[in-house]
Amino acid sequence: MGSEKRPTISDVARVAAVSRTTVSHALNNRGYVDPGTKARVHLAAEELGYRPNIRAQRLRTGSAQTLGLVASMPASVAAGPSKLGFFMEVAASAAETALLSGFAMILVPPLRERPELDQFDIDGAVVVEPEENDPATGRLRALGVPVVSLGRQPEAETEIPYIDMQSHRTGNLLLEHLFEQGSRSIALIIGSQQRHSYIDVSRAYEEFTAEHHLESLVIRLDEEEGEDGGYRAALALLESHPEVDGICALVDAFAVGVVRGLHESGKRIPADVRVVTRYNGLRAQTSVPPLTAVNLHLADAADLAVDLLLEHRSGNRSRHVVLGPEPELIPRASSVMVDRSALEQNSDS
């Protein structure tokens, strides 16, 4: 029993009573095709079960119809309990947006040794929060691959289109929250790498401490130190500044380590020290106590990044910077005192 013949573009053209060129333009949104004709072509293709030959299309157009999403954070930050939480939250929406535009998406997770990106045949890439002189971004650009960054790449703002993740605003939300909850000796624990989020939040912190006449306490950790780095930083901070009553640990891995260090030192959270972090991921939500964090609306930011990439790939460079979603503070038990008596009264009523 022979297999059924796969319908061809010629079959669609015959059923729709148009030329092969019209079918191609109608199905690929190229050139001008009368809306009625386009609808007839799509209907014919659906009735016949026609699917374009991707390999032939690639040979004809020189396009792989594939985009890349590249992680830049090291495994010590991106792995562990969160298991690439930030990256995968971006990936889920970015892949869907790409697919709706006719592109598949490959994910390049953080690796100890940066892979040779020229082994991937991609038409463009979104790099997630690249640091200054990011090697993946540099390699992609050297290969002539269009690149957009989710969060600007320091020292490359004019060269690489980007989504502004409003990190300065995020820093202000976290710091003002700690102040409103009563903290008056607030430390900032931040990555030592040159990423836009660290740079912007550092600036927000210096402005904040100056405005409120507070001592500036900044601890910079290499991202590779992860949770253990946050743990050690908390112990050292309490030793040198026992009066600290608020900690903004920007990286969630650092924040979980800080919580461990505070517990070990006998400090009550949030009664003695309030703790906040940036990313509202699995680490923040499952910490004990749960961490006050920020909803960065990563799905929306990812959609914006893919749209911007496709614009630049098509030659439309009218937008270089796109303002990302407004960050939203999510207060939790790590920084907000719970009125136990009120809870008990409510449960009794």
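Each chain carries its own residue numbering, running from 1 in the direction its sequence is written. Given that the model is predicted, a residue must reach a pLDDT of at least 70 before its local features are reported, and side-chain atom pairs must reach 80 or more before they are shown or counted; all residues, however, enter totals for whole chains, interfaces and linings. Side-chain figures throughout are based on the complete set of non-hydrogen atoms in the structure, without hydrogens or water.

Engineer: For the sheet that holds strand 9 (residues 274–279), give the residues involved together with the corresponding values.
Structural biologist: Read from one edge to the other, the open sheet built from 6 strands follows the order 7-6-8-9-10-12, with strand pairing classed as mixed. Only two strands of the sheet have a single neighbouring strand rather than two, namely strand 7 (217–221) and strand 12 (328–330). Each adjacent strand pair in this sheet contributes to an overall mean axis angle of 20 degrees, direction not counted. Whether two strands pair comes down to DSSP finding at least two bridges between them. Only runs of H or I of at least four residues qualify as helices and only runs of E of at least two qualify as strands under DSSP, and these elements are numbered from the N terminus. As judged from the 3 bridges shared by strand 10 (residues 292–295) and strand 12, these two strands associate in the antiparallel manner. In the strand pairing of strand 12, Val 294 is matched with Leu 329. To obtain each axis, a line is fitted to C-alpha atoms, and for helices this fit is confined to the stretch in contact; angles are then taken between N-to-C directions over 0 to 180 degrees.

Engineer: Break down the confidence of the model for the protein chain for me, citing the residues and quoting the values.
Structural biologist: Parts of the prediction with low pLDDT should not have their coordinates interpreted in detail. Averaged over every residue, the pLDDT of the protein chain is 88; residues scoring 70 or more account for 86%. Scored between 0 and 100, pLDDT is the confidence that the predictor attaches to each residue. Contact definition: two residues touch when any of their heavy atoms are within 4.5 Å. Note that residues 340–347 has pLDDT below 50 and, in this model, 1 contact with residues that lie over four places away or in other chains.

Engineer: With reference to specific residues and values, describe the pairing of strand 9.
Structural biologist: Note on strand geometry: in a regular strand, side chains alternate between the two faces of the sheet. Of all the 6 residues making up strand 9, 6 are buried; the element is thus mostly covered by neighbouring parts of the structure. The pairing of strand 8 (residues 246–249) with strand 9 spans 3 bridges and is parallel. Bridge pairing in strand 9 places Ile 247 opposite Val 275. On the question of chirality, the crossover connecting strand 8 to the parallel strand 9 by way of helix 11 (residues 252–264) is right-handed. Relative to strand 10, strand 9 is paired through 2 bridges, and the arrangement is parallel. Exposure categories follow from relative accessible area, calculated using a 1.4 Å probe and restricted to protein chains: below 20% of the type maximum is buried, above 50% is exposed, and the middle band is partly exposed. Crossover handedness is defined here as right-handed if the route from the first strand over the helix to the second strand goes clockwise, with the strands pointing away from the viewer.

Engineer: Any details on helix 1 (residues 9–16)? Residues and values, ideally.
Structural biologist: The set of residues buried in helix 1 consists of Ile 9, Asp 11, Val 12, Ala 13 and Ala 16. Positioned one or two residues after helix 1, Ala 17 has a phi angle of 60 degrees, which is positive.

Engineer: Residues and numbers for the nonpolar core, please.
Structural biologist: Throughout, nonpolar core names a set of buried Ala, Val, Leu, Ile, Met, Phe, Trp, Tyr and Cys residues whose side chains join them through atoms within 4.5 Å. With 69 residues, the main nonpolar core has Leu 150 and Ile 247 as its most contacted residues. The element best represented in this core is helix 13 (residues 298–313), accounting for 8 residues. Ignoring any residue separated from it by four or fewer positions in sequence, one finds Leu 150 in contact with Val 90, Val 126, Val 127, Val 128, Glu 129, Pro 130, Ile 163, Met 165, His 196, Ala 301 and Ala 305.

Engineer: Can you break down the sheet that holds strand 2 (residues 104–108) residue by residue, with the values?
Structural biologist: Read from one edge of the open sheet, 6 strands run 2-1-3-4-5-11, paired in parallel fashion. Two strands close off the open sheet at either side, each with one partner strand: strand 2 and strand 11 (321–323). Pairwise comparison of adjacent strand axes, ignoring direction, gives a mean angle of 25 degrees for this sheet. Pairing of strand 4 (residues 147–150) with strand 5 (residues 162–164), which is carried by 2 bridges, proceeds in the parallel orientation. Following the sheet pairing, Leu 150 is matched in strand 5 by Ile 163.

Engineer: Can you tell me about the packing of helix 1 against helix 3 (residues 35–48), naming the residues and giving the values?
Structural biologist: Between helix 1 and helix 3, the shortest axis-to-axis distance is 9 Å and the interhelical angle comes to 120 degrees. Classified by the angle between their axes, helix 1 and helix 3 sit oblique to one another. As for how helix 1 packs across helix 3, the hand of that crossing is right-handed. Where helix 1 abuts helix 3, its residues Asp 11, Val 12, Val 15 and Ala 16 lie against Arg 40, Val 41, Ala 44, Ala 45 and Leu 48. In these notes the angle categories are as follows: under 35 degrees is roughly parallel, over 145 is roughly antiparallel, 65 to 115 is roughly perpendicular, and the rest is oblique. Crossings are assigned a handedness: left-handed for a near helix turned anticlockwise from the far helix by less than a right angle, right-handed for a clockwise turn.

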